[in-house]
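Chain by chain, the residues:
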Amino acid sequence: MAVLRTGDLFSTMAEARDLINRSVIDKGESYKIVCSNQKSHVICCRSAKGENGCQFYISASLIKSQDIRIGTMRPHSCNPHTHYKFKQLQSIWYLMPHHRASVNSNRDITTAQIKANEKERFGNDISYMAAYRTREKLREEIEGKEEDDFPRIWTYGQLLHDQAAQDYQSNYFELDQEKFGLQEDQPETHRFYRCFVAPAATRLAFQHLRPFIAIDACHTMSRYRLTLMIAAMIDGNGQIVPMCWALVPKESYSHWVWFLNHMRQSFNTEHFEIDQLEKLVIMSDREKGLNKAVSEALPNAKHSHCCQHIAANVQSRFGITCRKLFWSAAYARTKAEFDTAIDAILKESRPAAAYLRSIPAETWATYAFPLPRYGHITSNIVESLNGTWKHLRHLPPLRLLGSIWSSVMETFCERRERVQTSPDLTNQAKAGFEARYEKCRRYRAIPADESIVQVIDDDGKDWIVDLERRSCTCLMFQEHGGPCTHAIMAARARRVDPYTLFSNAFTLSTYRYTYQASIHPVIVRDLEPGPGCLPPLISKKRGRPKTTRIRKHERHQKKKKCSNS
């Protein structure tokens, strides 16, 4: 509560005015301004002629020392109902200091929480709109105006270009702007269009990760409603690694081609090129022109369709039973198992079977996909990254880029310092190996030659393992890049060290190389505006902006109504 005394000195009139007004309101009282300028500030009772002769009066004036001094102070003597519903109790300037710390620590605090905090701490029952406006004003104070971010994105990009994680490697940043006003009588004007970011550390890490890239896009929830595109990979410990990201106007074929082209350029370094990879897999959904974009930008990569999105389409069109049967087809290890699953779908729904047959099995079915996907038949790794960054997607564009950068910086540091218990393999690879090793002890191995072994499991099924080609008829050896239970048993029978059967991506040395480069902090708060760059043009939609993603199969669902309502 603000405390005021006669004779108090202030350096500015604004400081004195704020404390005088606040000290009255904090007591649950009201006032009326008599005079307020640079030389004096005077308030009195807000009743017309001073109810019951109320002599309330406070004055502050400029003195010879150029300070502001509190002069006369007389308390209220009027009836308390004079102060009922005083308008300034709902004013933003009064409420902001009460909730500045709360909004600073939790940007997503609700207006209901602000209302409750104000009532509990200060006994002030404010309206919903007063709480909402207070929160929005504090967000603007902390983060700045969103339209002011766009001229500073150019400066942000220059800062990234100048910062290098290694002597031979730098961060990759690309900014596209649209040009307007090119007529002779108008000056040239630039508007933000899209930007792409790939840290130097992730560019160096790329060659040590499994050649599996999941891509996806999600909407930001700030005023300009840009779209965030993300590419993610997996390290040898099964952890998600954000590789690069971009802000674009919307998800479309042209923007996906632009994103994938810059991703390819950023990962083509002096020591490693993405175009040299023969076993690169791109995982995505089948929407927004992605098929054509991937084949154009990365012609040597194999494009895999996310089974989760296909399953959602199957459920929305043909029902939940067909969705369950679809997963049997997706995980089938042999063509015979796949055909059996499709026949089961055919019995349930002919249109569902026809729909799945219209999608080439080579793009989604486990048995038919030509390259290893390391057990990932969905784009869940990038979807979970979207969920992890959901609270950041409310931020203005520059703050969003800075927060993502800080998040990836923290991730690299934490994983670089994480203790690995095995001297040979990563923690996850070692734990999985030990579980499979224990299980295979009940198997029986029948060698054919130095590399080919027939393995009989505890169910009596036969499997053929080729240790030289690192393959097994169960397909799990090829799919995961590490020995399956049958391969471990075959290795034991032929006296081969099973650790040598793991892909290089699972070794501890590769894991250390993945996170060898540090990502250095970039402070966006104090960046100076670059060359003129206006915000993108937006067409604001009516109503409250959506904050939860509406899946495609949910758009046309009818709302259920309670029969008792």
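See the structure shown above.
These figures come from a predicted structure and were not determined experimentally. Think of each chain on its own: its residues are numbered from 1, step by step along the sequence as written. Local features in this predicted model are restricted to residues whose pLDDT is 70 or higher, and side-chain atom pairs enter the listing and the counts only when it is 80 or higher, whereas totals over whole chains, interfaces and linings include all residues. Only heavy atoms go into the side-chain values, all of them from the structure, while hydrogens and water stay out.

### A few points about the environment of Ala365
Logical step 1: Looking at the secondary structure, you find Ala365 in the loop between helix H12 (350–357) and helix H13 (380–388).
Logical step 2: Whether a residue is buried, partly exposed or exposed follows from its accessible area with a 1.4 Å probe, protein chains only, as a fraction of its type maximum: under 20%, in between, or over 50%, in that order. Given the relative accessible area of 0%, Ala365 is considered buried. Only runs of H or I of at least four residues qualify as helices and only runs of E of at least two qualify as strands under DSSP, and these elements are numbered from the N terminus.

### Quick look at the sheet that holds strand E16 (residues 452–456)
Logical step 1: Pairing within the open sheet is antiparallel, and its four strands lie in the order E15-E16-E17-E18. Strands at the two margins of the open sheet, each flanked by one partner only, are strand E15 (444–447) and strand E18 (471–472).
Logical step 2: Strand pairing is assigned whenever DSSP identifies at least 2 bridges connecting the two strands. Bridging between E15 and E16 involves four bridges; their strand directions are antiparallel. Bridge pairing in E16 links Pro447 to Val453.

### Describing the packing of helix H5 (residues 150–162) against helix H14 (residues 397–417)
Logical step 1: Relative orientation of the contacting elements H5 and H14 amounts to 30 degrees, with a least axis distance of 9 Å. Taken together, H5 and H14 sit at an angle that is classed as roughly parallel. Between H5 and H14, the residues in contact are Phe150, Arg152, Ile153, Tyr156 and Leu160 and Pro397, Leu398, Leu401, Gly402 and Trp405, respectively.
Logical step 2: Amino acids are sorted into nonpolar (Ala, Val, Leu, Ile, Met, Phe, Trp, Tyr, Cys and Pro), charged (Asp, Glu, Lys and Arg) and polar (every other residue, Gly among them). Considered class by class, the residues forming the contact of H5 with H14 number eight nonpolar, one polar and one charged. Only C-alpha atoms enter the line fits that serve as axes; for helices the fit covers just the stretch in contact. Angles between N-to-C directions range over 0 to 180 degrees. Our angle categories are set so that under 35 degrees counts as roughly parallel, over 145 as roughly antiparallel, 65 to 115 as roughly perpendicular, and the remainder as oblique. By the convention used here, residues are in contact when the closest approach between their heavy atoms is within 4.5 Å.

### A word on the sheet that holds strand E1 (residues 9–10)
Logical step 1: Strands sit in the order E1-E5-E4-E3-E2 across an open sheet of five strands; the sheet is antiparallel. For this open sheet the edge positions go to E1 and strand E2 (32–36), each flanked by a neighbour on one side alone.
Logical step 2: Bridge count for E1 against strand E5 (residues 68–74) is two bridges, and the pairing is antiparallel. Its bridge partner lying in E5, Leu9 is registered against Arg69.
Logical step 3: Its contacts with the sheet place helix H1 (residues 13–26) against E1, E2, strand E3 (40–44), strand E4 (57–62) and E5, and it is angled at close to 10 degrees to E3.

### Here we look at a nonpolar patch on the surface
Logical step 1: On the surface, Tyr128, Met129 and Tyr132 cluster together into a nonpolar patch covering about 270 Å² of accessible area.
Logical step 2: With respect to the element layout, Tyr132 can be found in helix H4 (residues 128–143).
Logical step 3: Relative accessible area serves as the criterion here: at 32%, Tyr132 is assigned to the partly exposed category. Surface patches are defined over residues having more than 30% relative accessible area and no salt bridge, joining like charges when they lie within 9 Å and nonpolar side chains (Val, Leu, Ile, Met, Phe, Trp, Tyr) when within 5 Å. Shrake-Rupley sampling with a 1.4 Å probe provides the accessible areas, and residues are treated as covered by the protein chains on show and by no other component. Salt bridges are defined by distance alone: a side-chain nitrogen of Lys or Arg within 4 Å of a carboxyl oxygen of Asp or Glu.

### Concerning the pattern of salt bridges
Logical step 1: Scanning the model with the defined rule gives 13 salt bridges in all.
Logical step 2: Glu136 serves as the salt-bridge partner of Arg135, at 3.2 Å between the closest nitrogen and oxygen.
Logical step 3: For Glu136, a relative accessible area of 27% gives the class partly exposed.
Logical step 4: Taking the shortest distance from any N to any O, the salt bridge between Glu434 and Lys430 comes out at 3.6 Å. On the criterion of helical spacing, the pair formed by Glu434 and Lys430 is a turn pair, its members being four residues apart in helix H15 (residues 427–440).
Logical step 5: Accessibility expressed as a relative area gives 19% for Lys430, which makes it buried.
Logical step 6: Each of Arg135, Glu136 and Arg139 takes part in one network of salt bridges that share partners.

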